[in-house]
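# Fold and contact review
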Amino acid sequence: MTARERGSLGTNLDSRAIETLPTGRNYSSVIQITPGVSSDANPENTDQSTITVYGSSGNENVFYIDGVNTTGAEFGFQGKELNFEFIQAIDVKSGGYEAEFGRATGAIINVITKSGGNEYHGDAFGYYDNNSLQTTAQQVASSTGTVAGFTEKDYGLDFGGYLLKDRIWFFGAYDRVDNVQSTQLGQIVKSNSTRDLGAGKLTFHLNQNQTAIATLFQDPRDDTGAIIDANHTIFGDPLTFEGKRVFGGKDYALRYEGLFGGSWVLNRQVARHNEANSVDPATAAGKRADLAA
């Protein structure tokens, strides 16, 4: 890790640091070890991973993944979750960044993803947690109730290598995250969350000085059952709080890198960022009258 480079202030985290640091499996959790960076959690949205950099608010940062601007379109927070096994390095610029960066008064966070190579490599993983491993929660007076139980599963695999040695490399990763939470407030209701974190990269070495890279990464998430947030409570009829929320989407990028004459460098990239954030009732009976038709 380097603290200062070329006059800019920041930190670069390599794959060894990312894999060994005791943090959450989200790159915004990892970068909180960077000087000047800390959590800027929103109490009304515990799932939103936000960070503050030297006192800036959570929506003053810019997030890139392999050069693709993935900053949240709605509020400016982290707009894309990424398969943790797909991350090669994280570069955090917290001040004095170069002219090509802008639109931020906080930090520039750039995630560099893994590529294949001339050797095959991969791994499988799994994590499991539930309430039996923790102390029983005490009943509290709250409109969102008391967590009566939960189960968290996180499992997947990644694999990389070559299709043609020295010419075509690939790397792919998949991570399935399933969470179930039971909440008690006069009754016990369940909230289910399913997330599919998938990513893939193809690297084409056209010749010694020219490379084309195609990248895909996605983070679709579906929440069903009891919707417990700032706009919903688990009082009354289940039709008032049971529903389905949809988040995330797929991002695509195609990048060209070329070296000409030993002194000229050309980088070009086209990309598309997609994200969803919607909530609907679980059944037609729960829709408002003006939407029932």
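All values reported here derive from a predicted model rather than from experimental measurement. (Residues numbered from 1 in each chain as written. Predicted model: local features only at pLDDT ≥ 70, side-chain atom pairs only at ≥ 80, totals over all residues. Heavy atoms only, no water.)

### Quick word on the nonpolar core
- Ile-18, Tyr-27, Ile-31, Leu-82, Ile-87, Ile-90 and Ile-109 are the most contacted members of the largest nonpolar core, which totals 25 residues.
- Only α2 (27-30), β4 (51-53), β5 (62-65), β7 (87-95), β8 (108-113) and β11 (168-184) provide two or more residues apiece to this core.
- By residue number, the principal contributor to this core is β7, which donates three residues.
- Among residues more than four places away in sequence, those in contact with Ile-31 are Leu-13, Val-37, Ile-51, Ile-90, Val-92 and Ile-109. (Core = buried A, V, L, I, M, F, W, Y, C linked by side-chain atoms within 4.5 Å. Buried < 20%, exposed > 50% of the residue type's maximum accessible area, 1.4 Å probe, protein only. Helix = DSSP H or I, 4+ residues; strand = E, 2+ residues; numbered from the N terminus. Contact = heavy atoms within 4.5 Å.)

### Digging into the pattern of salt bridges
- All told, the structure shown has 14 salt bridges when counted by the stated rule.
- Notably, a salt bridge pairs Glu-85 with Arg-25, separated by 3.1 Å at the nearest N-O pair. Taken together, the positions of Glu-85 in the loop between β6 (68-69) and β7 and Arg-25 in the loop between α1 (15-20) and α2 put the pair 60 residues apart, joining distant regions of the chain.
- According to the relative accessible area criterion, Glu-85 is buried, its value standing at 11%.
- Here Arg-25 falls in the partly exposed class, since its relative accessible area comes to 24%.
- For Arg-221, the salt bridge is made with Asp-223, and the minimal N-O distance between the two is 2.7 Å. The burial state of Arg-221 is the same as that of Asp-223; both residues are buried.
- Each member of the salt-bridge network shares a partner with another, and the members are Arg-25, Glu-85, Asp-154 and Asp-175. (Salt bridge = Lys/Arg side-chain N within 4 Å of Asp/Glu carboxyl O.)

### Let's talk about unusual backbone geometry
- A positive phi angle, close to 50 degrees, is found at Asp-66, a residue other than glycine.
- Relative to the assigned elements, Asp-66 resides in the loop between β5 and β6.
- Although it is not a glycine, Asp-166 sits at a positive phi angle of roughly 65 degrees.
- With respect to the secondary-structure elements, Asp-166 resides in the loop between β10 (146-164) and β11.

### Structural notes on a nonpolar patch on the surface
- Taken together, the side chains of Leu-163, Leu-164 and Leu-202 present a nonpolar region at the surface, about 270 Å² in accessible area.
- Looking at the secondary structure, you find Leu-202 in strand β12 (residues 188-207). (Patch = residues over 30% accessible without salt bridge, like charges linked within 9 Å, V, L, I, M, F, W, Y side chains within 5 Å. Areas by Shrake-Rupley, 256 points an atom, 1.4 Å probe, with all protein chains shown as cover.)

### Observations regarding the environment of Tyr-120
- Along the chain, Tyr-120 turns up in the loop between β8 and β9 (121-130).
- Using a relative accessible area of 46% as the deciding quantity, one classes Tyr-120 as partly exposed.
- For the pair formed by Tyr-120 and Gly-160, sequence separation is 40 residues and the distance between their alpha carbons is 5.6 Å.
- Once residues within four sequence positions are removed from consideration, Tyr-120 is found in contact with Phe-159, Gly-160, Gly-161, Tyr-162 and Phe-170.
- Polar side-chain contacts of Tyr-120 include one of 3.0 Å to the backbone oxygen of Tyr-162. (Polar contact = N/O pair within 3.5 Å; in protein donor to acceptor, adjacent residues only side chain to side chain.)

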